[in-house]
2 protein chains.
Amino acid sequence: MTKVFDRPEQFAETALKGFCAANADRVTMVPHGAVRAAPGARGKVVLLVGGGSGHYPAFLGYVGTGFADAAVAGDVFASPSTAWIHGVAKAAHRGGGVILGFGNYAGDVLNFGSAAERLRAEGIDARILAVTDDVASARADERAKRRGVAGDLPVFKIAGAAAEAGLDLDAVMTVAERANRATVSFGVAFDGCTLPGQRSPLFTVDAGHVGMGLGIHGEPGISTQAIMPAADLARTLLEPLLAERPADHDGRVAVILNGLGRTKYEELFVLWHHLTDLLEEAGLRVIEPEVGEFVTSLDMAGCSLTITFLDDDLEEYWRAPADAPAFRKGSVAPPPLIEMMEEQADAVAEIVAGTPESQEAGRCVAQLIGHVARALADAEEELGRIDAQAGDGDHGQGMARGSAAAAEAAEKAVTAGAGAGTVLSLAGDGWADRAGGTSGALWGVALRAWGQALGDERKPSAETVAQGAQAALEAIVQLGGAKVGDKTLVDALAPFVEVLVERTSAGDALGVAWSAAAVRSTAAADATAQLTPRLGRARPLAERSLGHPDAGAVSLAMCARVVGANLPENAV
Amino acid sequence: MTKVFDRPEQFAETALKGFCAANADRVTMVPHGAVRAAPGARGKVVLLVGGGSGHYPAFLGYVGTGFADAAVAGDVFASPSTAWIHGVAKAAHRGGGVILGFGNYAGDVLNFGSAAERLRAEGIDARILAVTDDVASARADERAKRRGVAGDLPVFKIAGAAAEAGLDLDAVMTVAERANRATVSFGVAFDGCTLPGQRSPLFTVDAGHVGMGLGIHGEPGISTQAIMPAADLARTLLEPLLAERPADHDGRVAVILNGLGRTKYEELFVLWHHLTDLLEEAGLRVIEPEVGEFVTSLDMAGCSLTITFLDDDLEEYWRAPADAPAFRKGSVAPPPLIEMMEEQADAVAEIVAGTPESQEAGRCVAQLIGHVARALADAEEELGRIDAQAGDGDHGQGMARGSAAAAEAAEKAVTAGAGAGTVLSLAGDGWADRAGGTSGALWGVALRAWGQALGDERKPSAETVAQGAQAALEAIVQLGGAKVGDKTLVDALAPFVEVLVERTSAGDALGVAWSAAAVRSTAAADATAQLTPRLGRARPLAERSLGHPDAGAVSLAMCARVVGANLPENAV
C-alpha cells in the first residue's frame with residue numbers, strides 16, 4: 001500500500017521533482033520529465049521513454065549515457081498527455097530525430113502517437129517504439145496486441161546503445177524493432193498494489209495462490225494456481241518463453257528477472273538459482289543477466305522473467321556500457337555537472353473573440369462543463385472502483401482531473417471573449433493535457449471536434465449541437481479504433497448521438513432531445529456488463545473483464561445526464 | 001510476505017547461490033559468503049561485512065572495488081556463526097589484516113567478536129567495526145548500545161574506500177570509527193515483514209499509523225503516531241538527526257534515504273523532494289545523496305533517513321568510486337573475470353577415544369540431545385511466536401536448527417568413540433555453527449564448557465554433572481554479559497543450576513535433583529513476563545518487551561524438562 005504522499009494527485013509530479021533533485025548530477029528536470037544533464041552530441045538520435053508513473057526505475061531511472069536521453073512521466077499508471085510528451089521531446093531533441101519508446105497500452109499508443117505526429121508536423125523526424133513483450137496478453141501471432149512489461153529494459157537499453165553508437169534514425173529503429181521482436185516476458189502476481197490515496201488495492205490474488213500472466217496494472221491474467229515452491233515457479237516462468245524461441249537461434253540470451261515491488265531481492269536470487277540450471281538445460285547461454293527491480297508496479301507482489309534472444313548486434317548493444325540513475329553497466333565516465341535548464345513556459349494560444357451570440361453560448365458551455373467537473377469529482381471513487389474490476393482503476397482520477405482542467409480552460413476562454421466553439425475546443429485541449437491516459441486523449445479530440453462544429457460565429461442550433469456530437473463520435477472512433485460492442489465509451493456515445501440526431505432532426509427542442517439521448521446512453525452503458533469484450537482498451541480477450549460494466553461508458557453516460565439536467569430552459 | 005522459497009531453512013543459502021550466479025562477473029562464492037572476483041592487492045586491508053540475510057543489498061550487494069572485500073550471510077535475520085565468519089575472512093584475507101563490519105546486534109557482536117579472536121589466535125590482525133547509528137535505540141550518551149541500521153551503507157562505504165586507498169589497518173579503523181560516530185539514522189515503519197515459511201508477520205503496525213523508530217527486525221520503537229502527509233514525515237525523520245549535529249560542524253553531509261522493502265522508489269522521491277528543502281533550511285550541504293533501497297528488511301513497509309556529518313577525509317572516501325553489484329559510484333574499471341575458487345573443505349577435528357565408561361555416558365548424552373532436538377523441532381513455531389512479541393521472531397528456527405546440528409554432531413562423536421565430554425563439546429560446536437544468532441553462540445559455549453567439566457575419562461557423577469551446569473552458566477554470563485533479571489535465558493538457567501548443585505550436594509540422585517531444578521527453571525522462565533527488561537538482548541528499554549516472556553528462557557526451561565523426563569533410571 002502506498003503510504004508516503006501528500007495530495008494523491010500530486011504524487012507523480014512530486015516524485016519527479018524528488019528524483020531530479022536526488023540525481024542532479026545526472027539529469028535535468030524539464031516540465032513533466034527529465035533529460036540527461038550532459039546531453040548527447042548534436043545530431044544524435046534521441047531516445048525518449050515514458051509512460052505512467054509508479055513503475056520506477058521505469059522510466060526516469062533509465063535516463064543516462066548509453067541508455068535513454070529523456071523520460072516523460074505521466075500520473076500514476078496513466079499515460080502522459082500528448083502535450084507533455086511533445087514538450088519533453090522538444091527539450092531533448094538534438095537534431096537527429098526522436099524515438100518515442102513506451103509499453104504497448106492504449107493510452108500510451110494514442111498519446112505517444114499524437115506527439116510523434118505533432119513533432120513531424122514541426123519538421124522533427126519522430127518514430128514510435130511500442131514494446132510488446134508480455135506473452136500472456138496475446139498469442140504469438142498477434143504480437144502487436146501484446147502489452148509491454150519488463151521487456152522495456154532490454155529493448156530500450158539496446159535502442160539507447162545503438163543511438164549512443166551513432167547510428168542514424170532508420171538504423172536505430174531497425175535494431176530497436178528487432179530487439180522488441182526478440183523479447184518475451186511472462187509474469188506472476190502474488191498480491192496487488194494500492195494507488196496513492198486509495199483505500200483498497202487495485203486487485204487482489206487469493207491467499208495461497210498466484211496469478212499467472214497478470215499485467216503490471218492488474219490487467220487480466222490467464223489463470224490462477226496454488227502457490228508453489230521456488231523451483232516450480234522458476235519452471236512456470238520459463239516455459240512460456242522457451243515456447244517462443246526462434247527457430248535456428250544459437251542460444252545467446254539476455255535475461256532479466258524483475259521484481260514488481262514487494263517480492264524482494266533474496267526471493268529473486270532464490271528463483272535465479274533455479275533458473276540458471278533450467279536455462280542451461282534448455283541450451284541457452286545467458287549474457288550479463290539482471291536480477292532486481294527494473295519495472296515495478298508500486299508495491300505489487302510478484303515478478304516476471306524476460307528473455308531477449310540475441311544476435312551479434314543485439315548482444316553488442318546489450319553489453320554496451322550505460323550509466324543511468326537506476327542502471328549501470330561497464331565503465332562510463334560520469335557526465336559533467338551542468339546548470340539546471342529553465343522551465344519552459346507553456347505556450348499560450350491567442351484567442352480570437354467570438355460574436356456576441358456565440359460568446360453567450362460559450363458562457364453556457366463553460367457552465368455545463370463546470371457542472372460535469374463537479375459531478376465527476378464526486379464520482380471519482382466510484383468510477384475508480386468500476387474500472388478496477390477489469391482495468392487499472394485510474395479512470396475516476398483521470399476523469400476528475402481532466403474535467404477540472406477542462407472547466408478551468410473553458411472559464412479562461414470565456415474571460416478572453418471566446419465563442420462557443422473555441423470554449424469547447426480549449427476545454428478539450430485542457431482535458432487531454434491534464435487527464436493523460438486513454439480516456440483523456442479521447443475526450444480531448446471529442447470536445448475539440450465538437451467545438452469546431454459549433455464555430456464562433458452563430459448561436460448554435462439544436463441541429464448544430466447534434467452535428468457536433470456526431471463529429472465527436474467520429475473523432476473518437478478514428479483515434480481509438482473502437483466500434484460499438486467493443487466495451488468502450490463508444491458503446492454509450494454512439495446511441496446518444498443516434499438519438500440526439502434523430503430527435504433534433506425531427507424538430508425536438510435540444511433539452512428534450514438531449515434528455516432522451518442521455519436515457520438511451522445510460523441504458524447502453526449499463527448493458528456493457530453483458531457484452532463480450534472485443535477490444536477492451538486494447539487488452540486481450542480475458543475472462544475477468546466479462547460481466548463488468550465499462551467505466552468509460554458509465555462516465556460518458558453520467559456526463560450526458562449531468563448536461564441534460566443543467567441545460568438552461570432557453571436552450572436552443 | 002515472503003512468497004518465493006523452497007524449504008524455508010534453505011532460503012538464505014539458496015539466495016546466496018543465486019546472488020553469486022547472477023553476479024559471477026563481480027563476486028566469487030565461498031562457503032556462506034562471497035568475495036570479490038578480482039581480489040585487492042596483496043597486503044591490502046580487507047573489509048568483511050555481514051549479518052543476517054533478508055537485508056539485501058546489505059551485505060552481499062556491497063562486495064566490490066572501493067567497498068567491501070567480502071560478505072558473510074547468516075540465515076534470515078540471524079547472525080552468521082563464528083565458524084562461517086572465520087571461514088569467509090580466511091578466504092578474503094590478503095595479508096594486511098581484516099576488519100569485520102556488522103550492525104550492532106547481540107548475536108553479531110558475539111559471533112564477529114569470537115571470529116576476530118580466532119583470527120588473531122592464528123596470527124591475522126582482525127578488528128571489529130560495529131555500526132551504531134540508530135538514534136531511536138538508545139540515548140546519545142549510550143552510543144555503544146545503539147543498533148546498526150542503514151548507517152551500514154556510509155560507514156562501510158567510507159571504510160572500504162579508505163582500505164582501497166591503501167591505508168593500513170590502524171588508519172582504516174580510525175577513519176571507520178570516525179565515520180560511525182558521525183553517522184545517525186532514524187526510521188519509521190508502516191507494516192511488518194513475514195519470514196519465509198511463516199504465516200503471520202513478525203510484527204504489525206496499526207492501520208493508519210506509523211511506528212516511530214522501529215528496528216529493522218521489528219525491535220521496539222519509541223512511539224506510534226497517526227499516519228501523516230509526506231511533508232510532515234520528512235520533518236519527523238529529520239528532526240531527531242538534526243539534534244545530533246556535532247557542535248561547530250560545517251554542514252557537509254552524506255544523506256541516505258532508505259526504503260525498507262515495500263515503501264517504493266516514487267514514495268522515497270516524494271519524501272526526498274521535501275527533505276531537500278528542510279536540509280537546506282537547516283544549513284546542511286548534501287554531498288552525493290542516495291535515495292533507494294540499501295538496507296532492507298524483507299518486505300517491511302517503512303523507510304529511514306541517515307546522515308553522516310562529513311569532514312575532509314570522510315567526504316573524500318564517501319565520494320570515492322565504488323563498483324559493487326548493488327552500489328556504484330563514479331568510474332571504476334570492471335574487474336577481470338576469474339575462475340571460481342574451489343569450496344574449502346570444512347576442517348574435521350580428530351577425535352580421541354574416551355574410556356569405556358565415558359563412552360557409555362557419551363551415548364546417553366547423545367540420546368538426550370536427540371530428545372531435545374526433536375522437542376525443539378516440535379516447538380519451533382511456538383517459540384518463534386513468543387520471540388516475535390518482543391524480538392525478531394527467529395528464536396524457534398535458531399533453536400531447532402542448532403539442536404538438530406548438535407544431535408548430529410553428538411551421534412558422529414559417539415560413532416568415533418568419543419567420551420561424554422567430547423560428545424557434549426562437539427554438540428556445542430555443531431549447535432553454534434549451525435544456529436547462528438545470539439542463542440546459538442551462547443548454547444555453543446555452554447555445552448562446550450559443560451563437556452570440559454565432564455571429561456572423557458570417568459563415568460560422570462551427579463556432582464560432576466552439576467559442576468558442568470555451573471561451568472555452562474559461567475560461560476554464558478562471561479560471553480553474553482547478562483545477569484539474572486535481564487530477561488534472558490540466564491533467568492531460567494541460574495535457578496536451574498542453583499537447585500541442581502544444592503540437591504546433588506545434599507546427596508540426591510541426578511534424576512531427582514534434575515527434575516526439581518527443571519521445575520524451578522520453568523517457574524523462572526514463566527516469571528520473565530513480569531520482569532522489567534534491563535538488557536533484553538542488547539536492546540534499549542522499550543515498552544513493547546514488557547509483559548512478554550523471554551523466548552530464550554522459555555526454551556531453556558523446556559530443554560531442562562525434556563532431559564529430566566528422559567534421564568535413564570540408572571543415571572548417576
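Residues numbered from 1 in each chain as written. Chains lettered and ligands numbered in written order. Predicted model: local features only at pLDDT ≥ 70, side-chain atom pairs only at ≥ 80, totals over all residues. Heavy atoms only, no water.

1. Some words on the interface of chain A and chain B
As a reminder, the rule being used: Between two residues, a contact is recorded if the distance between any of their heavy atoms is within 4.5 Å. Once two parts are joined, some of their accessible surface, as seen by a 1.4 Å probe, is lost; buried area is that loss totalled over both. What makes a salt bridge here is a side-chain nitrogen of Lys or Arg within 4 Å of a carboxyl oxygen of Asp or Glu, nothing more. Counting of polar contacts relies on pairs of N or O atoms within 3.5 Å, with two restrictions inside protein: one atom must be capable of donating a hydrogen and the other of accepting it, and residues adjacent in sequence are counted only when both atoms are side-chain atoms.
Counting residues at the interface gives 53 residues for chain A and 53 residues for chain B. Taken together, both faces of the contact between chain A and chain B bury some 4,300 Å²; the carbon and sulfur share is 65%. Counting every contact that joins chain A to chain B gives two salt bridges. Across the salt bridge formed by Lys-264 of chain A and Glu-293 of chain B, the nearest N and O atoms sit 2.7 Å from each other. For the pair chain A and chain B, the number of links is 25 residue pairs in polar contact (both at pLDDT 80 or more).

2. A short note on the sheet that holds strand β5 (residues 98-103) of chain B
Residues and elements named next belong to chain B. Our working rule: Each pair of strands is called paired provided DSSP finds at least two bridges between the two strands. A run of H or I in DSSP counts as a helix once it spans at least four residues, and a run of E counts as a strand once it spans at least two, with each numbered from the N terminus. Here an angle of 0 to 180 degrees is reported between the N-to-C directions of two axes, which are lines fitted to C-alpha atoms, with helices fitted over the stretch in contact.
As summarised here, the arrangement of the six strands in space is β1-β2-β4-β3-β5-β6, forming an open sheet in which the pairing is mixed. Each edge of the open sheet carries a strand with a single partner, namely β1 (27-30) and β6 (126-131). This sheet shows a mean twist of 25° between the axes of neighbouring strands, independent of strand direction. Note that β1 and strand β2 (residues 33-36) share four bridges and pair antiparallel. Across the sheet, residue Val-30 finds its bridge partner in β2, namely Gly-33. Against the sheet, helix α2 (residues 82-92) touches β1, β2, β3 (46-53), β4 (70-76) and β5, its axis set at about 160° to β4. This element, helix α5 (residues 169-181), spans β5 and β6 of the sheet and lies at about 10° to β6.

3. Details of helix α17 (residues 551-566) of chain A
Two residues of an α-helix separated by three or four positions point the same way, owing to the 3.6 residues in each turn. Residue and element names in this part refer to chain A. The condition is simple: Take the residue count of a helix, subtract one, and multiply by 1.5 Å to get its expected span. Under the scheme applied here, a residue whose accessible area is under 20% of the maximum for its type counts as buried, over 50% as exposed, and between as partly exposed, the area being computed with a 1.4 Å probe on protein chains only.
An ideal rise of 1.5 Å per residue puts 22 Å on 16 residues; α17 measures up with 23 Å between its terminal C-alpha atoms. Of all 16 residues making up α17, twelve are buried, and the element is well covered by its neighbours. Ala-551, Gly-552, Ala-553, Ser-555, Leu-556, Ala-557, Met-558, Cys-559, Ala-560, Val-562, Val-563 and Gly-564 are the residues of α17 that are buried. Taking the backbone nitrogen of Gly-552 as reference, a side-chain oxygen 3.0 Å away marks Asp-550 as the first, capping residue of α17.

4. What to know about the UniProt feature "domain: DhaK" (unreviewed entry) in chain A
Operational definition: UniProt positions are given in the numbering used here, feature names are shortened, and annotations may be inferred rather than shown by experiment.
Cross-referencing UniProt, the feature "domain: DhaK" (unreviewed entry) maps to residues 7-327 of chain A in the present numbering. Taken end to end, residues 7-327 of chain A comprises 32% helix and 24% strand; its first and last C-alpha atoms sit 30 Å apart.

5. With respect to the packing of helix α9 (residues 356-390) of chain B against helix α10 (residues 395-415) of chain B
Residues and elements named next belong to chain B. Definition in use: Angle categories are assigned with fixed cut-offs, so that under 35 degrees is roughly parallel, over 145 is roughly antiparallel, 65 to 115 is roughly perpendicular, and the rest are oblique.
One way to put it is that α9 packs onto α10 with a least axis distance of 7 Å and a crossing angle of 170°. In this view, α9 runs roughly antiparallel relative to α10, as classed from their interaxial angle. The segment α9 lies against α10, with Gly-362, Arg-363, Ala-366, Ile-369, Gly-370, Ala-373, Leu-376, Ala-377, Glu-380, Leu-383, Gly-384 and Asp-387 engaging His-395, Gly-396, Gln-397, Met-399, Ala-400, Ser-403, Ala-404, Ala-406, Ala-407, Ala-410, Glu-411 and Val-414.

6. Details of the environment of Val-205 of chain A
All names here are of chain A. On the secondary structure map, Val-205 appears in the loop between β7 (183-191) and β8 (209-212). Note on Val-205: relative accessible area 12%, which makes it buried. For Val-205, the residues in contact, after removing those within four places along its chain, are Ala-189, Phe-190, Asp-191, Val-210 and Gly-211.

7. A closer look at the sheet that holds strand β4 (residues 70-76) of chain A
Residue and element names in this part refer to chain A. Sheet architecture is open: six strands sit in the order β1-β2-β4-β3-β5-β6, paired in mixed fashion. Each of the sheet's edge strands pairs with one partner strand only, and the pair in question is β1 (27-30) and β6 (126-131). Each neighbouring strand pair of the sheet contributes to a mean axis angle of 25°, computed without reference to strand direction.

8. Some details on unusual backbone geometry
The residue after Tyr-56 of chain A, namely Pro-57 of chain A, is reached through a cis peptide bond having omega 10°. For Pro-57 of chain A, the position within the fold is in the loop between β3 (46-53) and β4. Here the bond from Ala-58 of chain B into Phe-59 of chain B is cis, since omega is 5°, no more than 30 degrees from zero. With respect to the element layout, Phe-59 of chain B can be found in the loop between β3 and β4.

9. Some thoughts on the relation of the copies chain A and chain B
To go from the first copy of the chain to the second, apply a rotation about an axis and then a shift along the same axis. Quick reminder of the rule: When the copies are superposed, the least-squares fit draws on C-alpha atoms of residues that have pLDDT of at least 70 in both.
The two copies are related by a screw operation: chain A maps onto chain B through 180° of rotation and 0.0 Å of translation along the axis, at an RMSD of 0.1 Å. Classification of the inter-copy transformation places it as that of a two-fold axis. In terms of proximity to the rotation axis, the leading residue of chain A is Arg-262 of chain A, whose C-alpha is 2.6 Å off the axis. Same-surface contact between copies: 100% of interface residues of chain A are shared with the interface of chain B.

10. What to know about the nonpolar core
Worth spelling out the cut-off: Buried residues of nine kinds, namely Ala, Val, Leu, Ile, Met, Phe, Trp, Tyr and Cys, make up a nonpolar core once their side-chain atoms join them within 4.5 Å.
Ranked by size, the top nonpolar core spans 212 residues in total, and within it Tyr-62, Phe-156 and Ile-307 of chain A together with Tyr-62, Phe-156 and Ile-307 of chain B carry the most contacts. Dropping the residues within four chain positions of it, Ile-307 of chain A is found in contact with Ala-182, Thr-183, Val-184, Leu-238, Leu-241, Val-253, Ala-254, Val-255, Leu-279 and Leu-284 of chain A. Ala-410, Val-414, Ala-466 and Ala-469 of chain A belong to the second largest nonpolar core, which has 65 residues in total.

11. Re the side chain of Thr-296 of chain A
All names here are of chain A. Along the polypeptide, Thr-296 turns up in the loop between β12 (290-292) and β13 (301-309). Here Thr-296 falls in the buried class, since its relative accessible area comes to 1%. Looking at Thr-296, its side chain comes within polar contact range of the main-chain oxygen of Tyr-56, at 2.6 Å.

12. Details of the packing of aromatic side chains
Stated formally: A pair of Phe, Tyr and Trp rings is counted when the ring centres sit within 6.5 Å of each other, with Trp represented by its six-membered ring. The angle between the planes then sorts it: under 30 degrees is stacked, over 60 is edge-to-face, the rest tilted. Throughout this description, the term charge over a ring refers to an Arg CZ or Lys NZ atom that lies within 6 Å of the ring centre and within 35 degrees of the ring normal.
This structure, assessed with the given rule, holds 28 aromatic pairs over all chains. A centroid spacing of 5.4 Å and a plane angle of 50° characterise the contact between Tyr-56 of chain A and Tyr-265 of chain B, whose relative ring orientation is tilted. Here Tyr-265 of chain B lies in helix α7 (residues 265-281) and Tyr-56 of chain A lies in the loop between β3 and β4, a pairing that spans two chains. Across the pair, exposure class does not vary: Tyr-56 of chain A and Tyr-265 of chain B are buried alike. Considering the side-chain rings of Phe-294 of chain B and Phe-327 of chain B, the 6.4 Å spacing of their centres and the 75° angle between planes classify their relative orientation as edge-to-face. In this pair, Phe-294 of chain B sits in the loop between β12 (290-292) and β13 (301-309) while Phe-327 of chain B sits in strand β15 (residues 327-329), placing the two residues 33 residues apart along the sequence. Accessibility expressed as a relative area gives 6% for Phe-294 of chain B, which makes it buried. Within the aromatic cluster, the residues linked to one another by ring pairs are Phe-59, Tyr-62, Phe-67, Phe-156, Phe-294, Trp-318 and Phe-327 of chain A. Above the plane of the ring of Trp-318 of chain A lies Lys-329 of chain A, whose end atom (NZ or CZ) is 4.2 Å from the centre.

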